[in-house]
Amino acid sequence: MNQVELQSTRFRAALIAWYRLDGRILPWRTTADPYRILVSEMMLQQTQVVTVLRYYDRWFQLFPTLESLAHADESDVLHAWQGLGYYSRARHLHQCARWVVEHCGGKLPCDIKSLLELPGIGRYTAGAVASFAFNLPAPILDANVIRVLARLVNLETPIDREPGKSTLWELAEHLVRGPEPGTFNSALMELGALVCTPRAPACERCPVKTYCRASHPQNIPRKSVRAEVVRRQENYRWIRRGDQILLRKCAGPRWKGMWTLPLADEIQNDEVPVFEMRHSVTRFVIHLKVFSGRAPAVLAPDNSYHRVKDIPDLPMPTPHRRSVDVLLGGR
DNA sequence: AATTCGGGGCT
DNA sequence: AGCCCAGAATT
Ligand code: SF4
């Protein structure tokens, strides 16, 4: 065994030993069911653990198996995802379930290449399913692992473009080729979540500090400069006809398949909003304003009326759900 | 390679 | 107020 391999072997052992003692018990860590692993990985994309915990268990009450998800209506799937954001994840997960039930006998594939062909599954999620559900030595690279590995090798180039990205993938690929690849990947992520944190890493209690080359870990990872924030205003109408409200079904890509208030095309200077709020979509800060309106003579093709009692069951993005709740509650 | 896609936790 | 988060798809 050469020097590098010897170091790697000890590194893996130290990290896994720490994880067994200090790792958190999370719902998706106490199962090897590929469906449950997949749902957790889809929900956790760009979403913090505490947020996912509010959705995870309820998901399986609604869709206990991959097959039940495959047979569900997209509207119900989006409704269960309501509030989590990045709704294409829900639509892709639904499409994924239908594909696997239709073409794979209801069993998720375990090899990376097949997993990558499924909708919504990229390099990270494929590796996560392969390693967590099937215990295969597939690398993962998420925000936690990026931070840990970049600091370990003191990577000072940007981690969100080449050649930094490939450097990290190769390192992850090398390290996972040891015993218990699934546990190792979990441990790597957990170190990033609990010890090797973004602002102030707790190096003094780090189980792999003797392997770490970062001189100023708080300055790593480095990222490309992000786009400037752009402010936008969006105007909507509150149109009531008896016990019904006019809504619009989004055709996407933003909020595709979900219901919002109908867009207002022209606002007169003297109109005063009946509701307003700010919310953000990545680099956009959106000032949402709702104006009272009259029922249009001709209904736009994507608009339709819905009874007040049915609105809770429609999938709606958070800002519009809040608008409707306030406007209905404040009668 | 750059941009888009949500929403909330945390400092 | 700004940064960050178990990323993927599209352009
Ligand atoms: S020593 Fe510090 S910077 Fe290095 S891996 Fe551990 S926590 Fe992160």
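This text goes with the structure placed above it.
Residues numbered from 1 in each chain as written. Chains lettered and ligands numbered in written order. Predicted model: local features only at pLDDT ≥ 70, side-chain atom pairs only at ≥ 80, totals over all residues. Heavy atoms only, no water.

### Concerning the overall build of chain A
The condition that has to hold: Strands are runs of DSSP state E lasting at least 2 residues, helices are runs of H or I lasting at least 4, and numbering of each runs from the N terminus. Accessible area is worked out with a 1.4 Å probe on protein chains only. A residue is then buried under 20% of its type maximum, exposed over 50%, and partly exposed in between. Contacts are assigned to residue pairs with any non-hydrogen atoms lying within 4.5 Å of each other. Using a 1.4 Å probe, accessible areas were evaluated by the Shrake-Rupley method; residue-level cover was limited to the displayed protein chains.
A tally of regular secondary structure across chain A gives 12 helices and seven strands. The principal-axis extent of the C-alpha atoms belonging to chain A is close to 80 × 45 × 35 Å. Every one of the 331 residues in chain A was classed for burial, and the buried ones make up 45%. Pairs at least 24 apart in sequence give 68% of the contacts found in chain A among residues at least 6 apart. When the accessible area of chain A is evaluated, it comes to approximately 17,800 Å², of which 51% is carbon and sulfur surface.

### Details of the protein's contact with DNA strand B
To be explicit about the condition: By convention in this text, a residue qualifies as near a molecule or strand provided that one of its non-hydrogen atoms is within 4 Å of it. We call two N or O atoms a polar contact when they sit within 3.5 Å, provided that within protein one can donate a hydrogen and the other can accept it, with sequence-adjacent residues counted only if both atoms are side-chain atoms. Any residue outside Ala, Val, Leu, Ile, Met, Phe, Trp, Tyr, Cys, Pro, Asp, Glu, Lys and Arg is labelled polar, Gly included; the first ten of those are nonpolar and the last four are charged.
Around DNA strand B lies a shell of 19 residues, among which Tyr87, Arg254, Thr282, Arg283 and Thr318 are the nearest. Among all atoms of DNA strand B positioned within 4 Å of the protein, those belonging to sugar or phosphate total 62%. Measuring from a phosphate oxygen of DNA strand B, one finds a side-chain N or O atom of Arg283 at 2.4 Å. Secondary structure elements with two or more residues in the surface near DNA strand B: helix 3 (49–62) and helix 12 (318–329). In terms of residue class, the surface near DNA strand B is made up of eight nonpolar, seven polar and four charged.

### Structural notes on the sheet that holds strand 1 (residues 230–238)
To keep things clear, this is the line we draw: The rule for pairing is simple: two strands pair if DSSP sees at least two bridges between them. Think of each axis as a best-fit line through the C-alpha atoms, taken over the contacting stretch in the case of a helix, with angles from 0 to 180 degrees between the N-to-C directions.
Read from one edge of the open sheet, three strands run 1-6-5, paired in mixed fashion. Of all strands in the sheet, those with a lone pairing partner are strand 1 and strand 5 (275–281), marking the two edges. Ignoring which end each strand starts from, the neighbouring axes of this sheet average 25° apart. In terms of strand pairing, strand 1 meets strand 6 (residues 284–292) through nine bridges, oriented parallel. Within the sheet, the bridge partner assigned to Arg232 lies in strand 6 and is Ile286.

### A closer look at the site of the ligand
Inspection of the region around the ligand gives Arg151, Val195, Cys196, Cys203, Cys206, Lys209, Cys212 and Pro217 as its neighbouring residues. Residues of the shell around the ligand, tallied by class, amount to six nonpolar, no polar and two charged.

### A word on the pattern of salt bridges
Spelled out, the test is: A carboxyl oxygen of Asp or Glu within 4 Å of a side-chain nitrogen of Lys or Arg is what we treat as a salt bridge.
Scanning the entire structure with this criterion turns up nine salt bridges. Across the pair Arg20 and Glu180 runs a salt bridge, and its minimum N-O distance is 2.7 Å. Here Arg20 is found in helix 1 (residues 3–22), whereas its partner Glu180 is found in the loop between helix 10 (164–175) and helix 11 (181–194), with 160 residues between them in sequence. For Glu180, a relative accessible area of 36% translates into the label partly exposed. Across the pair Glu190 and Arg29 runs a salt bridge whose closest N-O atoms are separated by 2.9 Å. Taken together, the residues Glu190 in helix 11 and Arg29 in the loop between helix 1 and helix 2 (34–44) connect sequence positions 161 residues apart. Taking relative accessible area as the criterion, Glu190 reaches 1% and is therefore assigned buried. In this structure Arg29 comes out as partly exposed when scored by relative accessible area, which is 25%. Connected via shared salt-bridge partners are Arg24, Arg29 and Glu190.

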